[in-house]
Amino acid sequence: MNVKMVDLGALHARLASELDPAIMSVVKSGAYIKGADVSAFEEELAKYLGVKHVISCGNGTDALQLALMALEIPRGAQIITTAQSFIATAEAAALLGYEPIFVDVKDDYNIDEKQIEAAITEKTAAIIPVHLFGKSCELSAIYKVARKFSLYVIEDTAQALGAKYEIEGEQKKVGTAGTIGCTSFFPTKNLGCMGDGGAVWTNDDNLGRRLRMLASHGAEKKYHNTAIGINSRLDTIQAAILRVKLRYLDEFNVRRQKIATIYNSLLSDLKDYMTLPQYDEKSNSHVYHQYTIALKGDSQQRDAVQKLLKERGIATMVYFPVALHRLPVFAEANKDKHLPNAERLMDNVLSLPMHTELSESEIRYVCQQLREVTREIYG
């Protein structure tokens, strides 16, 4: 049996009766840039999230960059973020002349909210929490610290769109309670297009207007540029695809949660070899963009497990093999920084197949092979 990490072909085949006419409608219209589907998608996503302003853009990295640009933070300021994420989170800050300050993570892979305050200095301007692998960060604590020190919060929801959390007694979708929320529509995301795409959103009218302007060369009116911006837009075909998929996002997330529940049940007897992801099923705080385990031991043992699974037809991925503060581009500035959890997890993590089209027989096969492989490796 061959089990794919992601099966977009199967998903798109299932939705073909809606996706095909949506795409062909754009093709026939000829409105490939800023067509009607773009503004319609922005309105529909705003309604889904419960926010006032959604501005679509070219990709998730652009979304992060636009968020930072809109806040007009002075160069040299410090931006606190997690040590375990894709580089885009810190890259956007560094590109604009800010200093990324990395904070360690907890066993759930998200930033340790208890360590944020100790990282704050007089140069700190913002916090960028990343809801990694689909699980919401502990936002109540993060916002409490942000309010105490008057800091902006930019939520990176690229892997967790649709997840919820409770803050001050109210349940909200991730990305909606802070200054600005960002996401990516990379094809493999829970809500993904068939190319690149992203979005940024806010409830602040002035920020919403500024974000839209900055995404369009710094111009609210064509050929009347009032700021230095960038050219970042979601093309109309991608917007049309996302309009279809947005209608199914909650269904997709529920399916991922059910798959995770099956994984947890079938792998529960392997806790001597690995730590499984867990969440409160009633809270909807985890939408499982990835089902990521943390194997015991070191990277050699993890890599051996991955190799044997591959030989048995099972795709897996390591997200992420190098903690951000250990990447060559950031290593010199962080040579004296020791973040033990992030450094341990980069040697332990392994993501198993996770997608909406995964069958129960495939899940059982993955679990059975993982059981055999781990016992072979660990003895």
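As the structure is a prediction and not an experimental result, all values here were calculated from the model.

Undergrad: I'm lost on the environment of Y248 in this one. Help?
TA: If you trace the backbone, Y248 turns up in the loop between α9 (236-246) and α10 (249-267). Between the C-alpha atom of Y248 and that of R371, which follows or precedes it by 123 residues, the distance is 33 Å. Not counting chain neighbours up to four residues away, the residues in contact with Y248 comprise L15 and E18.

Undergrad: Help me out: how do you make sense of the sheet that holds strand β8 (residues 180-184) in this one?
TA: The strands making up a sheet associate through hydrogen bonds between their backbones, and the pairing can be parallel or antiparallel. Taken together, the seven strands give an open sheet; going across it, the order is β1-β9-β8-β5-β4-β2-β3, and neighbouring strands pair in mixed fashion. Each of the sheet's edge strands pairs with one partner strand only, and the pair in question is β1 (53-57) and β3 (99-103). Geometrically, the sheet is characterised by an average inter-axis angle of 25° between neighbouring strands, direction not taken into account. Taken together, the four bridges between strand β2 (residues 78-82) and strand β4 (residues 124-128) define a ladder with parallel strand orientation. Opposite T81, over in β4, you have I128 as the bridge partner. Contacts from helix α4 (residues 60-70) reach β1, β2, β4, β5 (152-156), β8 and β9 (198-202) within the one sheet, and its direction differs from that of β8 by about 165°. Seen against the sheet, helix α8 (residues 205-214) touches β1, β8 and β9 and runs at an angle of roughly 15° to β1.

Undergrad: Explain the packing of helix α3 (residues 36-49) against α9 here, please?
TA: The contact between α3 and α9 brings their axes to 8 Å, and the two run at 35°. Of the two possible hands of crossing, α3 and α9 adopt the one that is left-handed. In contact with D37, V38, A40, F41, E44, L45 and Y48 of α3, α9 contributes T236, A239, A240, L242, R243 and L246. Class assignment for the residues of the contact of α3 with α9 results in nine nonpolar, one polar and three charged.

Procedures and definitions
Residues numbered from 1 in each chain as written. Predicted model: local features only at pLDDT ≥ 70, side-chain atom pairs only at ≥ 80, totals over all residues. Heavy atoms only, no water. Helix = DSSP H or I, 4+ residues; strand = E, 2+ residues; numbered from the N terminus. Contact = heavy atoms within 4.5 Å. Pairing = 2+ DSSP bridges. Axes fitted to C-alpha atoms, helices over the stretch in contact; angles between N-to-C directions. Left-handed = near helix turned anticlockwise from the far one by under 90°. Nonpolar A, V, L, I, M, F, W, Y, C, P; charged D, E, K, R; others polar.

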